[in-house]
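Single-letter residue listing:
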Amino acid sequence: MIEPTPLQVTLETVRFWAIVVLLGLGVFFTLVSTIGVLRLPDIYARAHTASQTDTLGAGFALAGVALAFGWQHAAVYTVLLLFFVFITNPTAAHAIARSAAETGVEPILAEEGETDDATAETEGENR
């Protein structure tokens, strides 16, 4: 059996931690996207956060998977999937926002100088 050299051990350690960091960033940005979709007020803001952070999260996760596969056919397919996600996620979000605009969905806008607390107070007075 051939003993690995210290350089090979170091490169494998760096590769392992690069995979961990990429997957961690992927999970983080996907979590941020999920929270944004749940918390944001209207379809336009939700489509924006879904297209931006979800694409970034999927990109980091797929890059980590490709790095974990190494030089195999599966890594090539993973990179192709990564490019597919980069093209389709923003396109789908744009199509959703455009469809909402064409059907007359108005964005929820805050008035200038108004805070969330002031909005809640005035809504309570009007009821």
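Nothing here was measured: the structure is a model prediction, and the numbers come from that model.

### Quick word on the packing of aromatic side chains
The final tally for this structure, using the stated rule, is three aromatic pairs. The interplanar angle of 75° and the centroid separation of 5.1 Å between the aromatic rings of Phe16 and Trp17 together place this pair among those described as edge-to-face. Look at Phe16 and you get partly exposed, because its relative accessible area is 46%. Measuring from ring centre to ring centre gives 5.8 Å for Phe29 and Phe60, while their planes differ by 20°; the resulting arrangement is stacked. One end of the pair, Phe29, is in helix 1 (residues 6-39); the other, Phe60, is in helix 2 (residues 43-69), with 31 residues separating them in the sequence. Taken together through their ring pairs, the aromatic side chains of Phe28, Phe29 and Phe60 make up a single cluster.

### Details of the side chain of Asp42
Position of Asp42 among the secondary structure elements: in the loop between helix 1 and helix 2. For Asp42, the side chain forms a polar contact with the main-chain nitrogen of Ile108, separated by 3.0 Å.

### A few points about the pattern of salt bridges
Enumeration according to the criterion identifies two salt bridges in this entry. A salt bridge links Glu12 to Arg15; its shortest N-O distance comes to 3.3 Å. On the criterion of helical spacing, the pair formed by Glu12 and Arg15 is a turn pair, its members being three residues apart in helix 1. Among the residues examined, Arg15 registers a relative accessible area of 27% and is labelled partly exposed. Residue Arg98 pairs with Glu102 through a salt bridge whose shortest N-O separation is 3.1 Å.

### Some points on the UniProt feature "transmembrane region" (unreviewed entry) in the chain
Under the feature "transmembrane region" (unreviewed entry), the UniProt entry names residues 16-38 and 59-87. Each end of residues 16-38 is marked by a C-alpha atom, and these two atoms are 33 Å apart; helix forms 100% of the span and strand 0%. Taken end to end, residues 59-87 is 90% helix and 0% strand, and its two terminal C-alpha atoms sit 11 Å from one another.

Conventions we followed
- Residues numbered from 1 in each chain as written.
- Predicted model: local features only at pLDDT ≥ 70, side-chain atom pairs only at ≥ 80, totals over all residues.
- Heavy atoms only, no water.
- Phe/Tyr/Trp six-rings, centres within 6.5 Å; stacked < 30°, edge-to-face > 60°.
- Buried < 20%, exposed > 50% of the residue type's maximum accessible area, 1.4 Å probe, protein only.
- Helix = DSSP H or I, 4+ residues; strand = E, 2+ residues; numbered from the N terminus.
- Polar contact = N/O pair within 3.5 Å; in protein donor to acceptor, adjacent residues only side chain to side chain.
- Salt bridge = Lys/Arg side-chain N within 4 Å of Asp/Glu carboxyl O.
- UniProt positions renumbered as here; feature names shortened; annotations may be inferred.

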